[in-house]
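# Examining the three-dimensional arrangement
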Amino acid sequence: MKLLPSIAFNDFSGSAGNVTARKTGDKTVLSTRTKHSRKKTPPQATTRCRFSDTIRAYSRITEDQRQGWVLLARVFGIYYSPYGYTVISAPNLFVMANTYRKMCGRPLLADAPFEMIRSRQVAYDDLWLDPEHILLTKVEQSADPDEVLYVEMSPVFSPGVSECSNKTVFLKACSSTDWGDVDLTEAYLKRFGTPLKLGQKVIIKMCWLNAECGFVSRCNYDVYKVRGTSQYHGAVYYPRAQVNMEQITPLTEHVECEGFDYELSPGSKFTSNSVTLRYLNLHLLSCDIPHNGLPEAFYDEQSFQYARVTSSIDYLIQSIWIRIQNSTYKRIRFGHTTFSLRMQLETFGTYYVFN
Amino acid sequence: MITLNTNNFGGGSVTLKDYQSSGLCILNGKITVDPTQSAYMAATRLELDLPADFVMGRSAMSTAILVSNASIYRFGTVLHCWIENNTLCIEKLTAWDTHGTYEIHINAAFVTRGYRGTFSQTPTNSLSILNTATFLFSQYRYVEKDDFVFFVATFTKFPDYNTQGQGPFTLELSGFASDVLVEIPLIVNGSEYVSGQKGSMLTLGTFDNGNLIFSYPAGATDMGGEDSFFNFFAVRG
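This section reports on the structure supplied with the text. Remember, predicted model here, so these are calculated numbers, not experimental data.

To continue, consider helix 3 (residues 90–103) of chain A. All names here are of chain A. Here helix 3 contains 14 residues, and its C-alpha end-to-end distance of 20 Å stays within 8% of the 20 Å for a straight helix at 1.5 Å per residue. Of all the residues in helix 3, the buried ones are Leu93, Phe94, Met96, Ala97, Asn98, Tyr100, Arg101 and Met103. Phi for Gly105, located one or two positions after helix 3, is positive at around 80 degrees.

Let's shift gears to the environment of Ser89 of chain A. Residues and elements named next belong to chain A. With respect to the helices, strands and loops of the structure, Ser89 is situated in the loop between strand 6 (84–87) and helix 3. When the 11 C-beta atoms within 10 Å are taken as the criterion, Ser89 is described as exposed. Between the C-alpha atom of Ser89 and that of Thr310, which follows or precedes it by 221 residues, the distance is 59 Å.

This next bit is on the pairing of strand 22 (residues 330–336) of chain A. All names here are of chain A. Sheet topology note: the strand 19 (residues 286–290)/strand 22 ladder contains 5 bridges and is antiparallel. Across the sheet, the residue bridging to Pro290 is Arg331, located in strand 22. Turn length for the strand 21 (residues 317–326)-strand 22 hairpin, with the two strands adjacent in sequence and antiparallel, is 3 residues.

What follows covers the nonpolar core. One broad rule of soluble globular proteins: the nonpolar side chains tend to lie buried together. Core analysis: the biggest nonpolar cluster contains 99 residues, and Ala64, Leu79, Ile104, Ala108, Ala109, Phe233 and Ala234 of chain B have the highest contact counts within it. With residues near it in sequence (within four places) discarded, Leu79 of chain B still touches Thr63, Ala64, Ile65, Leu66, Ile90, Glu91, Leu93 and Ile104 of chain B. Within the second largest apolar cluster, 40 residues are counted, among which are Ile134, Leu149, Cys219 and Val226 of chain A.

Another point: the sheet that holds strand 19 of chain A. Residue and element names in this part refer to chain A. With antiparallel pairing, 8 strands are arranged side by side in an open sheet as 16-17-18-23-20-21-22-19. What marks the edges here is a single partner per strand, and that holds for strand 16 (242–244) and strand 19. Ignoring which end each strand starts from, the neighbouring axes of this sheet average 20 degrees apart. Here strand 20 (residues 300–309) runs beside strand 21; their pairing, made up of 9 bridges, is antiparallel. Each residue of the ladder has a partner; that of Phe304, found in strand 21, is Trp321.

The rules we used
- Residues numbered from 1 in each chain as written.
- Chains lettered and ligands numbered in written order.
- Predicted model: local features only at pLDDT ≥ 70, side-chain atom pairs only at ≥ 80, totals over all residues.
- Helix = DSSP H or I, 4+ residues; strand = E, 2+ residues; numbered from the N terminus.
- Expected span 1.5 Å × (residues − 1).
- Buried ≥ 20, exposed ≤ 12 C-beta atoms within 10 Å, placed from the backbone.
- Pairing = 2+ DSSP bridges.
- Core = buried A, V, L, I, M, F, W, Y, C linked by C-beta atoms within 7 Å.
- Contact = placed C-beta atoms within 7 Å.
- Axes fitted to C-alpha atoms, helices over the stretch in contact; angles between N-to-C directions.

And the structure:
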């Protein structure tokens, strides 16, 4: 927008091409139509499309539906956002509600909801923020199935910056946590392209947001410094005692492991797991698959479990043992007590683990 | 004891023996399921509401054993069983529905996940079989805690219907907690398979006063013997 003294454009108002002129007092203000900057990264393009699609959608709803939004905007009135007190119009409320819905993976809402629900802060235990991990732990699980964990982030490149609330960008909406863990590492890399650097500052804004009709209001908003230990307990990163498909070589000469989800829990030591196997050789009492290195919590663990045959004799129950070796040998061994028909089987459950 | 009064399959109240802590729960008991109930037919999984004050709202995967009403062998299998939203959830399998009302036995542990920290080793206790002419372990693990026990055993010597008849048989043990009273399914498939068989041959046994007592049904063929086994958690007292 440019302010010009009224000489050539005295009493001129209206639009020509991309230029619009209007009189403000004794001055004429010229403005150009807003255009996107030339920079167009995929996330920027996505955000712009999402916004413009939502704006266009408002013009396509019926008059009755529009009146619903007008009424809701009137009830909603003035609300407090991280950017201050705001009066909202029906179209803006429509755009706001549906923008959040889209970010939460919900379809566009033509009918105004009964109410707009304020977001709430997130309770969690710790945060690892280092070049390899962006991980929240022991995040309280929401009891409301409509709530998602909404996260915005922004790296800070100037060390003097400690506040820039309007710089954060949407990163992820998580509908659930992984037993209290929320891993943002991959989403951050996808969004910003480069990993965090030690000493760098990062802004994180997050809240529990109702995906149906929520808006960001109350939220956690913090500036953190990237470092080698966790933000609250000062602990060096250590992983859960977990093995999954990414850590094993699933296909060997004798067996193909089609599913592997194994974790240790305390209380002496328990395993809860779910493993699916397809044997390529019928007459084996035991067979191995190699792994690519496991957390230090694993040394040489063995559990004795029920298994269920899923081929030949459906549902036949067998006894199986799973031995995870993570010292001299780097392998997972499956053992049986009998040579019976079991081309495919699954084993699952919670059992004690023995060393 | 906890009572589960409501469920989604038209069953009656269920009482389970329980041990509860925030990270570990043990449940023991039997659920009777009538597959002719319309609620059962509509259900995709079996759900039983846990008491409001049950400490674990969600668990990792655990197990239950389906014991069907199939003639003689009571064929059955192991089922997925877990806690979700304060509800005990059990996988629904319809393979034996035509045999009528069946039982689901739960003698299992339920744990939570997401732990980061150190682990201690599981302490095991020794057991001795007193009647070794009839029973011999292939391998076993026995864990005895103040509130519950875990016992898994496979056998190289175990009563065989063909040679030893129906029983009753008693596995006499030295070292097993005398205050455990629990009924468990025994997997006694033998080495032969019945034509068109689905699942394993099962019989029920009872641990009482430190010993396991069980018998086989009349008219069975090749039931029990080597490689029979069991695997269970049980609350003490």
